[in-house]
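Fold and geometry: a report
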Amino acid sequence: MAIKLIAIDMDGTLLTPQHEVSPRVRQAIAAARDKGVAIVLATGRPFVGVQQYLQTLDLQQEGQFCITNNGALVQQAEDGECVAEVALTFSDYLYFEKMARELGVHFQALTKTLLFTPNKDISQYTVHESSVTGIPLRYRAVDEMDANSTFPKVMMIDDPDKLDEAISRIPQEARDRYTIMKSSAYYLEILDKRVNKGAGVKALADRLGLSAEQVMAIGDQENDIAMLEFAGTGVAMGNAIESVKKVAQFVTKTNIEDGVAHAIEKYVL
């Protein structure tokens, strides 16, 4: 069955290490789009961190969509308006903020437009997240937070070894109640149990009247596994971690070697 939707992770997949889209990848995406294939950026980033790439790929227009915050939000590419949303509550925020303190790692929480940290010693990785994505960063003590806030995701962040040690001590109760997964060596993402990129891609495919067999997904990290498992054609990047390669039907080249373009040229064009 012909592929009608391509869900593409951004960091480590679509983008080079310099956070750019290579000319060959841009050309392949344009050719697929011209064939009527929906190109959907599916990322852990907030919408503000996706916009410039939607513009670069000429996707910021009516009828185009993106999946942000690891599937918590499905948004119109044109203006960011949500067409599907599953968010955490303030009580979820309090639960994980306390847990992060007990585990000795840094913590941050994202609303649709802001990145909050309760840590006075703001993590370098929180600063990095704000810098790379463009989402404004705010220090806000827990008792100063708006109790009516909702959050597409909250995160524990720290040096890789320290974070991995903390992850090993997360109680099973939390793992059972939430979606918890790494998006990089120093980011642990925490979302509503119903949320992952696979669920986001499925929600959009259903909206567009497409079956899983008409979907191709391309990714490199743990947070991409669910969408590779959902898609009829799951593609791991050459630079993907081993657990991603194990669930993929195919492995393409790395993000330095235009891996996304190779996959699109082979399976779509």
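Please read all numbers here as calculations on a predicted model, not as lab measurements.

1. Topic: the overall build of the protein
- The helix and strand inventory of the protein stands at 11 helices and 14 strands.
- A compact globule built from 269 residues would reach a C-alpha radius of gyration of about 18 Å, and the protein, at 18 Å, matches this within 12%.
- Counting over 269 residues, the protein shows a buried share of 55%.
- In the protein, of all internal contacts separated by at least 6 residues, the share reaching a separation of at least 24 is 59%.
- Carbon together with sulfur atoms contributes 47% to the accessible area of the protein, which is approximately 11,300 Å² in total.

2. Observations regarding helix H4 (residues 90-103)
- Taking 1.5 Å per residue as the helical rise, H4 with its 14 residues ought to reach 20 Å, and the 20 Å between its terminal C-alpha atoms agrees with that figure.
- Within H4, burial applies to Phe-90, Asp-92, Tyr-93, Phe-96, Glu-97, Met-99, Ala-100 and Leu-103.
- Each element contacted by the buried residues of H4 is listed here: strand E6 (106-110), strand E9 (153-157), helix H6 (160-167), helix H7 (172-177), strand E10 (178-184) and strand E11 (187-192).
- Looking one or two places after H4, you find Gly-104, whose phi comes out positive at around 80°.

3. Observations concerning the pairing of strand E1 (residues 5-8)
- By the alternation rule, side chains of E1 split into Leu-5 and Ala-7 and Ile-6 and Ile-8, which are all buried.
- Where E1 meets strand E2 (residues 38-42), 4 bridges bridge the pair, whose relative direction is parallel. Counted as the bridge partner of Ile-6 is Ile-39 from E2.
- Pairing geometry for E1 and strand E12 (residues 215-219), over 4 bridges, is parallel. Looking across to E12, one finds that Ile-6 is bridged to Met-216.

4. Notes on the packing of aromatic side chains
- Counted under the stated rule, the structure contains 9 aromatic pairs.
- Where Tyr-93 meets Phe-151, the ring centres are 5.3 Å apart and the plane angle is 20°; that geometry is what we call stacked. In this pair, Tyr-93 sits in helix H4 while Phe-151 sits in the loop between strand E8 (137-139) and E9, placing the two residues 58 residues apart along the sequence. Both residues of the pair, Tyr-93 and Phe-151, count as buried.
- Plain terms: the ring middles of Phe-96 and Tyr-178 are 4.7 Å apart, the flat faces sit at 80° to each other, and that makes the pair edge-to-face. Here the residue Phe-96 occupies a position in helix H4, and Tyr-178 occupies one in strand E10, the gap between them amounting to 82 residues. Tyr-178 shares its class with Phe-96; the two are buried.
- The rings of Phe-90, Tyr-93, Phe-107 and Phe-151 are connected pair by pair, giving a single aromatic cluster.
- Here Arg-177 stacks its cationic end above the ring of Tyr-95, 5.1 Å away from the centre of that ring.

5. Notes on the sheet that holds strand E7 (residues 115-117)
- Read across the open sheet, the 6 strands follow the order E8-E7-E6-E9-E11-E10; overall the sheet is mixed. Since the sheet does not close on itself, it has two edges, and those belong to E8 and E10, each with one partner. Taking the axes of each pair of neighbouring strands and ignoring which way they run, one obtains an average angle of 25° across the sheet.
- Relative to E11, E9 runs antiparallel, the two being bridged by 4 bridges.

6. Brief notes about a nonpolar patch on the surface
- Taken together, Ile-122, Val-127 and Tyr-139 make up a surface patch of nonpolar side chains, about 230 Å² in accessible area.
- Within the secondary structure layout, Tyr-139 lies in strand E8.
- Exposure remark for Tyr-139: the relative accessible area of 34% places this residue in the partly exposed category.

Cut-offs applied
- Residues numbered from 1 in each chain as written.
- Predicted model: local features only at pLDDT ≥ 70, side-chain atom pairs only at ≥ 80, totals over all residues.
- Heavy atoms only, no water.
- Helix = DSSP H or I, 4+ residues; strand = E, 2+ residues; numbered from the N terminus.
- Rg over C-alpha atoms; globule rule 2.2 N^0.38 Å.
- Buried < 20%, exposed > 50% of the residue type's maximum accessible area, 1.4 Å probe, protein only.
- Contact = heavy atoms within 4.5 Å.
- Areas by Shrake-Rupley, 256 points an atom, 1.4 Å probe, with all protein chains shown as cover.
- Expected span 1.5 Å × (residues − 1).
- Pairing = 2+ DSSP bridges.
- Phe/Tyr/Trp six-rings, centres within 6.5 Å; stacked < 30°, edge-to-face > 60°.
- Lys NZ or Arg CZ within 6 Å of the ring centre and 35° of its normal.
- Axes fitted to C-alpha atoms, helices over the stretch in contact; angles between N-to-C directions.
- Patch = residues over 30% accessible without salt bridge, like charges linked within 9 Å, V, L, I, M, F, W, Y side chains within 5 Å.
- Salt bridge = Lys/Arg side-chain N within 4 Å of Asp/Glu carboxyl O.

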